[in-house]
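# Survey of secondary and tertiary structure
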Amino acid sequence: MPNKIPVAKPDLSGNELKYLINCIKDGWVSSIGTYISKFENLFTKLTNCKYAISTSNGTSALHLSLLGLNIKKGDEIIVPDLTFVATANAVSYTGAKPVFVDSTPEYWNIDPGKIEENITKNTKAILVVHLYGHPANTDQIEKIAKKYKLFVIEDAAEAHGAFYKNRPVGSLGTISCFSFYGNKIITTGEGGMITTNNKSLATRISFLKDHAMSAKKRYYHSIIGYNYRMTNLQAAVGLAQLEKIDSFTSKKRYNAALYNSLLKDLNDYVTLPPEMPWAQSSYWMYSIVLKPTGNYTRNKLMSYLRKKGIDTRPFFIPMHLLPMYRQKGDFKISTLLSKNGINLPSSTLLSEKDIYYISKMIKMFFEKK
Ligand SMILES: *Cc1c(COP(=O)(O)O)cnc(C)c1O
């Protein structure tokens with residue numbers, strides 16, 4: 001049995017260490033330094049956006065974006081029910097209310113067909129999440145946003161390098177947010193980024209993230225701001241990671257194709273990760289959903305794989321089932337996906353041998369039944 005195969009592990013084998021040593025030697029370890037602007041500039045190219053603003057993490061990027069759009073108490077924001085909790089929490093930080101919408105069974109993201117029935121006179125924005133790396137259906141969302149004059153905010157924390165049609169994720173909304181947590185497609189340890197083409201929004205967000213200090217008068221603050229800055233150390237790692245993003249995304253896609261070819265015979269038991277004709281997924285997490293038939297359960301498969309030295313993750317718990325957001329409603333698909341979904345090992349450091357082994361163990365589990 002091999003050592004435990006992790007779900008995620010960062011590849012830090014490029015210029016990360018070299019750039020970090022430069023920071024230490026030069027003494028620029030805090031939130032001023034050349035790596036910050038280098039990282040931000042290169043990020044504008046990835047997303048084809050005019051402005052990229054680094055932040056302390058993905059959650060602060062979401063919070064700042066909402067603040068930048070002047071979202072506040074009394075407002076409502078459409079959020080997918082099936083997401084990581086940070087998406088909903090960032091809305092709550094502003095005093096606004098996240099309004100949860102079910103997923104589509106086709107590609108697991110927010111169901112555009114269920115958005116309109118949740119729009120009220122207080123709705124200000126649709127916050128889309130590109131779950132596990134698969135982009136949301138942008139044309140349909142834009143159409144609704146236009147009709148009701150809503151902002152589109154992208155939570156692209158899981159989808160660096162993904163595309164909707166020919167448009168890169170990060171350029172699909174009024175404003176977009178990324179995370180660089182350790183298990184994300186590129187990492188800075190902790191970190192985040194906001195991208196937009198709107199100059200006044202970019203200016204307001206840069207102001208808010210740095211204590212809302214006046215650009216003209218030092219230590220003059222007209223409103224209560226935040227410290228949501230990234231450090232030069234984080235940006236040094238981020239720049240080195242971003243230099244290699246093309247190889248990371250092509251490895252993720254290669255791994256997904258290999259998993260798909262090895263698991264396709266299990267059609268009776270599992271649904272493989274979808275990729276719609278209009279989408280190019282980043283396959284942040286290679287995910288499968290067990291078909292809720294037969295005498296097995298998702299948790300049994302997870303513990304079986306754990307015994308074989310393979311680490312996995314369950315899908316997120318839908319927001320409507322968490323204590324602070326608990327509510328009744330039409331969440332059939334998100335509930336079903338959450339109960340039956342598993343993220344398999346998805347690191348770019350996986351070998352073909354690992355993927356053959358993992359697939360073989362999954363097959364063994366089902367064939368024993
Ligand atoms: C990771 C993640 C976040 C939060 O990012 P942090 O950097 O951990 O704050 C937000 N939304 C989604 C969908 C995520 O996966």
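Above this text sits the structure in question.
Before going into details, it helps to say that this report is about the structure given with it.

Rules and cut-offs
- Residue positions are counted from 1 within each chain, in the order its sequence is given.
- Under the rules for a predicted model, residues below a pLDDT of 70 receive no local features and side-chain atom pairs below 80 are neither given nor counted, while totals for whole chains, interfaces and linings still include all residues.
- With hydrogens and water excluded, all non-hydrogen atoms of the structure serve as input to the side-chain values.
- If even one non-hydrogen atom of a residue comes within 4 Å of a molecule or strand, that residue is called near it.
- By the criterion applied in these results, polar contacts are pairs of N or O atoms within 3.5 Å in which, for protein atoms, one can donate a hydrogen and the other can accept it, and in which residues neighboring in sequence qualify only through two side-chain atoms.
- Only the protein chains shown count as cover for residues, and the accessible areas themselves come from Shrake-Rupley with a 1.4 Å probe.
- Computed over the protein atoms alone on a 1 Å grid, cavities are sets of points where a 1.4 Å probe fits but cannot get out and pockets are open sets with protein on both sides within 12 Å along at least five of seven lines; a residue lines them when it has an atom within 4 Å of a point.
- In this description, a molecule resides in a pocket or cavity if more than half of its atoms sit within 2 Å of the grid points defining it.
- Think of a patch as exposed residues, more than 30% relative accessible area, with no salt bridge, where like charges cluster within 9 Å and nonpolar side chains (Val, Leu, Ile, Met, Phe, Trp, Tyr) cluster within 5 Å.
- Definition used for salt bridges: Asp or Glu carboxyl oxygen within 4 Å of a side-chain nitrogen of Lys or Arg.
- Just so you know, the count uses Lys and Arg for positive and Asp and Glu for negative, and it drops His and the chain ends.
- Every charge is mapped onto a representative atom, which is NZ of Lys, CZ of Arg, CG of Asp or CD of Glu.
- The way it works is that DSSP assigns letters per residue, a run of H or I at least four long becomes a helix, a run of E at least two long becomes a strand, and they are numbered from the N terminus.
- Residue exposure (1.4 Å probe, protein chains only): buried if accessible area is under 20% of the type maximum, exposed if over 50%, otherwise partly exposed.
- Note on aromatic contacts: the rings of Phe and Tyr and the six-membered ring of Trp form a pair at centre separations within 6.5 Å, being stacked when their planes are under 30 degrees apart, edge-to-face when over 60 apart, and tilted otherwise.
- Think of it as a cone above the ring: NZ of Lys or CZ of Arg counts as a charge over the ring if it is within 6 Å of the ring centre and within 35 degrees of the ring normal.
- Grid points are joined across faces, edges and corners, and a volume is the space filled by probe spheres set on the points.
- We call Asp, Glu, Lys and Arg charged. Ala, Val, Leu, Ile, Met, Phe, Trp, Tyr, Cys and Pro are nonpolar, and the rest, Gly among them, are polar.
- Any two strands with at least two DSSP-identified bridges between them are counted as paired.
- Helix axes are fitted only over the stretch in contact, all axes being lines through C-alpha atoms; the angle between N-to-C directions runs from 0 to 180 degrees.
- Residue contacts are defined here by distance: any two heavy atoms, one from each residue, within 4.5 Å place the two residues in contact.
- We call a set of buried Ala, Val, Leu, Ile, Met, Phe, Trp, Tyr and Cys residues a nonpolar core when their side-chain atoms join them within 4.5 Å.

Moving on, we come to the site of the ligand. Near the ligand you find 15 residues, and of these T59, D155, E158, S179 and K184 are the closest. Here an oxygen atom of the ligand sits 2.8 Å away from a polar atom, N or O, in the main chain of G58. At 2.5 Å from an oxygen atom of the ligand is found a side-chain nitrogen or oxygen belonging to E158. Coverage of the ligand by the protein amounts to 93% of the 380 Å² it exposes when considered alone. In this structure the site holding the ligand corresponds to the largest pocket.

What follows deals with a positive patch on the surface. There is a patch of like positive charges on the surface, built from K4, R306, K307 and K368. Relative to the elements of secondary structure, K368 occurs in helix α11 (residues 352-368). When its relative accessible area of 58% is taken as the criterion, K368 is described as exposed.

Bringing the packing of aromatic side chains into the picture now. Enumeration over the complete set of coordinates arrives at 18 aromatic pairs. Taken together, a centroid distance of 5.3 Å and an interplanar angle of 50° make the contact between Y164 and W278 tilted. Linking Y164 in strand β6 (residues 163-164) with W278 in the loop between β10 (270-271) and β11 (279-280), this pair joins segments that are 114 residues apart in sequence. Summarising the burial analysis for this pair, Y164 and W278 share the class buried. Ring centres of F365 and F366 lie 5.2 Å apart, and the angle between their planes is 85°; on these two criteria the pair is classed as edge-to-face. Per residue, the accessibility class of F365 equals that of F366, and both read buried. Taken together, the aromatic side chains of F84, W108, Y132, W284, F315 and F316 make up a single cluster linked through ring pairs. Here the basic side chain of K184 rests over the ring of W284, its NZ or CZ set 5.5 Å away from the ring centre. For the cation-ring pair, R218 lies above Y219, with the distance from its terminal atom to the ring centre recorded as 5.3 Å.

Going through the model one piece at a time under the given rule, you end up with four cavities of 30 Å³ or more. The volume enclosed by the largest cavity comes to roughly 120 Å³. Considered class by class, the residues forming the lining of the largest cavity number five nonpolar, six polar and four charged. Every residue lining the second largest cavity is listed: Y107, W108, L131, Y132, G133, H134, P273, P274, S281, Y283 and M285.

The seven strands lie next to each other as β1-β9-β8-β5-β4-β2-β3, forming an open sheet whose pairing is mixed. A strand with exactly one partner marks an edge of an open sheet, and here the two such strands are β1 (51-55) and β3 (97-101). Strand-to-strand twist across the sheet, computed as the mean angle between neighbouring axes with direction ignored, equals 25°. Its contacts with the sheet put helix α3 (residues 58-68) on β1, β2 (76-80), β4 (123-129), β5 (151-155), β8 (175-179) and β9 (192-196), and the angle it makes with β8 is roughly 165°. Sheet strands touched by helix α4 (residues 85-93): β2, β3, β4 and β5. Its angle to β3, the strand with the most contacts, is close to 150°.

Next up on the list: the environment of R204. Relative to the helices and strands, R204 resides in helix α6 (residues 199-209). In this structure R204 touches L67, G68 and N70, once residues within four positions along its chain are discounted. Of the polar contacts made by the side chain of R204, one reaches the backbone oxygen of L67; its length is 3.0 Å.

Core analysis: the biggest nonpolar cluster contains 42 residues, and F39, F43, F180 and I186 have the highest contact counts within it. Among the secondary structure elements, those contributing two or more residues to this core are α1 (16-26), α2 (34-47), α7 (232-242), α8 (245-263) and α10 (332-340). Element by element, the count of residues in this core is highest for α7, at five residues. In this structure I186 touches F39, F43, H160, S179, F180, Y181, Q241, L242, I245 and F248, once residues within four positions along its chain are discounted. Of all hydrophobic cores here, the second largest spans 30 residues; its members include L64, I77, I175 and I194.

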